[in-house]
Amino acid sequence: MERAFDVVVAGAGPVGLAFAASLAGAGLRIALVDPQAEAALADPADDGREIALTDRSVAMLAASGAWAKIPAGQVAPLRRMQVLNGPSDYAMQLGHGGTGGGMLGRFVPNHWLRRSLHAVVRDLPGVAVLPGLSVAAVQAQRRGTVATLSDGQALTAALVVAADTRRSRLRRQQGIGAALHDYRQRMLVCPVAHPLPHGETATAWFEYGQTLVTLPLNGGRSSAVLTVGEADAAALLQMDDAGFGRELTRRYRGRLGAMRPVGGRHAVPVVTAYAARFVGRRFALLGDAAVGMHPTTAHGFNFGMLGQHALARELRGALAAGRNVADPAVLARYEAAHRAETRLFFAGAEALMRLYAAGDNMPARLLRNGALRLGNLPLLRQALAARMRDPDKNLIGPAGRPGA
Ligand SMILES: Cc1cc2nc3c(=O)[nH]c(=O)nc-3n(C[C@H](O)[C@H](O)[C@H](O)COP(=O)(O)OP(=O)(O)OC[C@H]3O[C@@H](n4cnc5c(N)ncnc54)[C@H](O)[C@@H]3O)c2cc1C
């Protein structure tokens, strides 16, 4: 038996959920399908990811009602960033001096983003969350699209949206290519306590052979983020807590004092993706499935939020004009907007990340130093800081506060 919806979303990750929330009140029947169990969607496990949110993302979360569900103690301010290269003390600096100034962004644990968005979406009229199931196949037909689920049931919809990770199976199945790059590295994350203050500053050290990042958290803690080779990551995961703490302190050269792990370690492969097209016939890609940024750029979710906002805006526009939500012109406008927003930044970030992931031969060293000094030029610094803050007068209230 077929069940009929207007929109089927494959993937109840943070972007798929945010998209469903953005369509609240539009009168659409939406199905959100995800292989994770109901309990894992409602109360996701801590995956160690601290997501740096731009003001625009915070404003969108606030508009959906999700921001209010995140406890204040889970939000940590980011006021400054510094980037160092190799053994040199020269740093590219972004952000404000002193404390109490403006913020570059806010850190929120990924599991809290997912939990709060799920809590919003679960209660929305017209939205059916279908846990424990994946979308196995999508077939566009003359009158609509059929999404076949892993249990064999068929959902019909005007539009299927795939937000099913950077290695999107549905993207591949629709014949949409993607520039995929496997860095053959792992990003290992772990919360740590340390005696020296982090000054609400995120620091990235592009060492030769590894990238070491600290993200400032509340309560004298930081998130240690190490991008290392696969064998190195496996060895770090094997260590006991005391040995791992000593190893972190050594690698970070004691810059924050002796580091002590205060949570679990998680490691993910570093793979980036940029889809050749974001739309197909009655089909659209969203989130990492469209643009899978390098995690060091801290922009994957932020771009995902921009994308879902753009697609929801176009769908609402189509409804207001009495058009089909899967009208090719409607989808083309989403594609154009999201490509314009992401293409240059993705290409620039890829060039930099590959340069910093490259070995330590002399040309690479010189280029890396040059890139850092270029980033310190006043105009570029302002542009980078603005990119982090991402101000948008339509979404941020007068005091720069979400929902103000
Ligand atoms: C260590 C780390 C740190 C990061 N830090 C930041 C940061 O600071 N700032 C930032 O903006 N971004 C950051 N990111 C990126 C951010 O986490 C991702 O961009 C974001 O999770 C993408 O969300 P998504 O919903 O598109 O995909 P995902 O979170 O990958 O969710 C996809 C969902 O699709 C489901 N799924 C898969 N296949 C199917 C199918 N066939 N049918 C149905 N469902 C399916 C999965 O179960 C999953 O729930 C970081 C990433 C990492 C790894």
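For the structure, see preceding data.
The paragraphs below set out a description of the structure included in this document. (Residues numbered from 1 in each chain as written. Predicted model: local features only at pLDDT ≥ 70, side-chain atom pairs only at ≥ 80, totals over all residues.)

This next bit is on the pairing of strand E19 (residues 266-275). In terms of strand pairing, strand E14 (residues 178-193) meets E19 through nine bridges, oriented antiparallel. What sits directly across from Asp182, in E19, is Val271. Here two bridges tie E19 to strand E22 (residues 291-292), and the two strands are oriented antiparallel to one another. The partner of Ala273 across the bridge, within E22, is Gly292. (Pairing = 2+ DSSP bridges. Helix = DSSP H or I, 4+ residues; strand = E, 2+ residues; numbered from the N terminus.)

In the structure, helix H9 (residues 328-357) departs most strongly from a straight axis at Thr342, where the bend amounts to approximately 35 degrees. Taken as a whole, H9 has its buried residues at Val330, Leu331, Tyr334, Glu335, His338, Thr342, Phe346, Leu352, Met353, Tyr356 and Ala357. (Bend = angle between axes of the 7 residues up to and from the residue. Buried ≥ 20, exposed ≤ 12 C-beta atoms within 10 Å, placed from the backbone.)

Spatially, six strands are ordered E9-E3-E2-E13-E21-E20 in an open sheet, and the strand pairing comes out mixed. Across the chains shown, the open sheet's two edge strands, defined by having one partner strand only, are strand E9 (127-131) and strand E20 (279-280). Bridge count for strand E3 (residues 30-34) against E9 is five bridges, and the pairing is parallel. Bridging across to E9, Leu32 finds its partner in Val129.

Considering soluble globular proteins, one finds that nonpolar side chains tend to be buried as a cluster. In this structure, Val7, Val8, Val9, Phe19, Leu32, Ala284 and Leu286 are the most contacted members of the largest nonpolar core, which totals 119 residues. With nine residues, the top contributor of residues to this core is helix H8 (residues 300-320). Setting aside chain neighbours within four positions, we find Val8 in contact with Ala31, Val33, Ala147, Leu155, Ala157 and Val160. (Core = buried A, V, L, I, M, F, W, Y, C linked by C-beta atoms within 7 Å. Contact = placed C-beta atoms within 7 Å.)

Time to look at the sheet that holds strand E10 (residues 135-140). An order of E1-E12-E11-E10 is seen for the four strands of this open sheet, with the pairing classed as mixed. In this open sheet, the two strands that pair with only one neighbour each are strand E1 (2-4) and E10. Averaged over all adjacent pairs, the angle separating strand axes in this sheet is 25 degrees, with direction ignored. Both E1 and strand E12 (residues 154-157) contribute to a ladder of three bridges, which runs parallel. (Axes fitted to C-alpha atoms, helices over the stretch in contact; angles between N-to-C directions.)

Moving on, we get to the packing of helix H1 (residues 14-22) against H8. For the pair H1 and H8, the least separation of the axes is 9 Å and the interaxial angle reads 30 degrees. On the basis of their axis angle, the class for H1 and H8 is roughly parallel. Between H1 and H8 lies a crossing whose hand is right-handed. On the side of H1, the interface is formed by Pro14, Val15, Ala18, Phe19 and Ser22, while H8 contributes Phe301, Gly304, Met305, Gln308, His309, Leu311 and Ala312. (Parallel < 35°, antiparallel > 145°, perpendicular 65-115°, else oblique. Left-handed = near helix turned anticlockwise from the far one by under 90°.)

Turning to the site of the ligand, a few remarks are in order. In the vicinity of the ligand, 33 residues are found, and the nearest of them are Gly11, Gly13, Gly287, Gly300 and Phe301. At the level of secondary structure, the elements contributing two or more residues to the shell around the ligand comprise H1, E3, strand E4 (50-53), E14 and H8. At four residues, the largest contribution of residues to the shell around the ligand is made by H8. Classifying every residue of the shell around the ligand gives 16 nonpolar, 12 polar and five charged. (Near = placed C-beta within 6 Å. Nonpolar A, V, L, I, M, F, W, Y, C, P; charged D, E, K, R; others polar.)

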